[in-house]
Amino acid sequence: MTAQAPSSPRRSDATKAAILEAARERFAADGYERATIRAIARDARIDPSMVMRYYGSKEGLFAAASEIDLRIPGLGALPAKHIGAVLVEHFLDRWEQDDVLTGLLRVGVTNEAGAERMRAVFAEQLGPVAAGVCPDPADAPRRAALVASQILGMALARYVLRIGPAVSMSRQEIISWLAPTVQRYLTAEQP
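Residues numbered from 1 in each chain as written. Predicted model: local features only at pLDDT ≥ 70, side-chain atom pairs only at ≥ 80, totals over all residues. Heavy atoms only, no water.

### Section: the overall build of the chain
- Across its full length, the chain carries 10 helices and 0 strands.
- In terms of its C-alpha atoms, the chain occupies a principal-axis envelope of roughly 65 × 50 × 30 Å.
- For the chain, the residues scored as buried account for 44% of the 191 residues in total.
- Accessible area of the chain: about 10,700 Å², with a carbon and sulfur share of 55%.
- The centroid of the 23 positive side-chain charges in the chain is displaced by 4 Å from the centroid of its 22 negative side-chain charges. (Helix = DSSP H or I, 4+ residues; strand = E, 2+ residues; numbered from the N terminus. Buried < 20%, exposed > 50% of the residue type's maximum accessible area, 1.4 Å probe, protein only. Areas by Shrake-Rupley, 256 points an atom, 1.4 Å probe, with all protein chains shown as cover. Lys, Arg positive; Asp, Glu negative; His and termini not counted. Charge placed at Lys NZ, Arg CZ, Asp CG, Glu CD.)

### Re the confidence of the model for the chain
- With 95% of its residues at a pLDDT of 70 or more, the chain has an overall mean of 88.
- Least confident of the elements in the chain is helix 6 (residues 99-108), whose mean pLDDT is 80; most confident is helix 9 (residues 164-168), at 97. (pLDDT = per-residue confidence, 0-100.)

### So, empty space enclosed by the protein
- Under the criterion given, the structure shown has 2 cavities of 30 Å³ or more.
- Approximately 60 Å³ is the volume found for the largest cavity.
- If you trace the largest cavity, you find it lined by Arg24, Phe27, Ala28, Phe62, Ala65, Ser66, Val100, Gly103, Leu104 and Val107.
- Looking at which element gives the most residues to the lining of the largest cavity, the answer is helix 6, with 4 residues.
- Among the residues forming the lining of the largest cavity, the class breakdown is 7 nonpolar, 2 polar and 1 charged.
- For the second largest cavity, the calculated volume is near 50 Å³.
- Broken down by secondary-structure element, the contributors of at least two residues to the lining of the second largest cavity are helix 5 (83-97) and helix 8 (140-160).
- Counted by class, the lining of the second largest cavity contains 9 nonpolar, no polar and no charged residues. (1 Å grid on protein atoms, 1.4 Å probe; cavity = no way out; pocket = protein on both sides within 12 Å on 5 of 7 lines; lining within 4 Å. Points joined across faces, edges and corners; volume = space filled by probe spheres on them. Nonpolar A, V, L, I, M, F, W, Y, C, P; charged D, E, K, R; others polar.)

### Quick notes on unusual backbone geometry
- Look at arginine 45: it is not a glycine, yet its phi comes out positive at around 60 degrees.
- Within the element layout of this structure, arginine 45 appears in the loop between helix 2 (37-44) and helix 3 (48-55).
- The residue arginine 71 is not glycine, and still its phi comes out positive at about 50 degrees.
- Residue placement: arginine 71 occurs in the loop between helix 4 (58-65) and helix 5.

### Observations regarding the packing of helix 1 (residues 11-34) against helix 4
- Look at helix 1 against helix 4: their axes get within 9 Å of each other, and the N-to-C directions meet at 105 degrees. Judged by the inter-axis angle, helix 1 sits roughly perpendicular to helix 4. Judged by residue contacts, Ile19, Leu20, Ala23, Arg24, Phe27, Tyr32 and Glu33 of helix 1 engage Lys58, Glu59, Leu61, Phe62, Ala64 and Ala65 from helix 4.
- In terms of residue class, the contact of helix 1 with helix 4 is made up of 9 nonpolar, no polar and 4 charged. (Axes fitted to C-alpha atoms, helices over the stretch in contact; angles between N-to-C directions. Parallel < 35°, antiparallel > 145°, perpendicular 65-115°, else oblique. Contact = heavy atoms within 4.5 Å.)

### A closer look at the pattern of salt bridges
- What the rule picks out here adds up to 11 salt bridges.
- Among the ionic pairs, glutamate 116 bridges to arginine 119, the shortest N-O distance being 3.0 Å. Of this pair, glutamate 116 and arginine 119 both sit in helix 7 (residues 112-133), separated by 3 residues, roughly a single helical turn.
- Glutamate 116 gets classed as partly exposed once you look at its relative accessible area, which sits at 42%. (Salt bridge = Lys/Arg side-chain N within 4 Å of Asp/Glu carboxyl O.)

Written as structure tokens, this is what we have:
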């Protein structure tokens with residue numbers, strides 16, 4: 001019986017990681033429609049057949065590349081009056097540090113697969129946050145959608161469309177404007 005070599009990352013894991021990194025960058029830069037399997041494979045320095053082998057299709061690759069953890073901070077220990085500001089600041093950090101999230105937003109406004117992925121990310125990750133802080137957890141999906149409208153609206157204006165006033169606002173100005181609205185959506189009694 002021969003001794004096994006110490007375990008190290010398999011070559012296929014490295015290939016998959018290279019494909020996903022190239023796909024994220026390509027989808028962010030080109031959008032879903034213009035990104036091609038060939039271009040992604042070229043960026044990853046592999047044969048296009050490997051992309052198809054691991055992900056099956058462009059849609060499958062996009063789904064894998066757009067797995068995003070919003071890393072929403074725990075809000076349970078916060079005084080309720082700070083929840084809106086903490087969330088707005090958190091999302092500003094995410095948009096400014098993660099081109100994949102911006103790429104997903106771009107794709108989401110032009111492609112149904114991207115829109116579905118964006119809906120799922122926000123429903124799965126923002127929905128439980130809303131349920132944990134709103135007065136009636138049954139109303140959490142609606143409240144999460146309202147919060148998403150503010151977060152995604154600002155992201156679209158500031159980071160995708162680059163609307164002058166949205167781009168020139170300081171982080172503190174954005175927090176000051178958006179936080180009370182996000183706060184109200186999450187914690188106020190239903191009108």
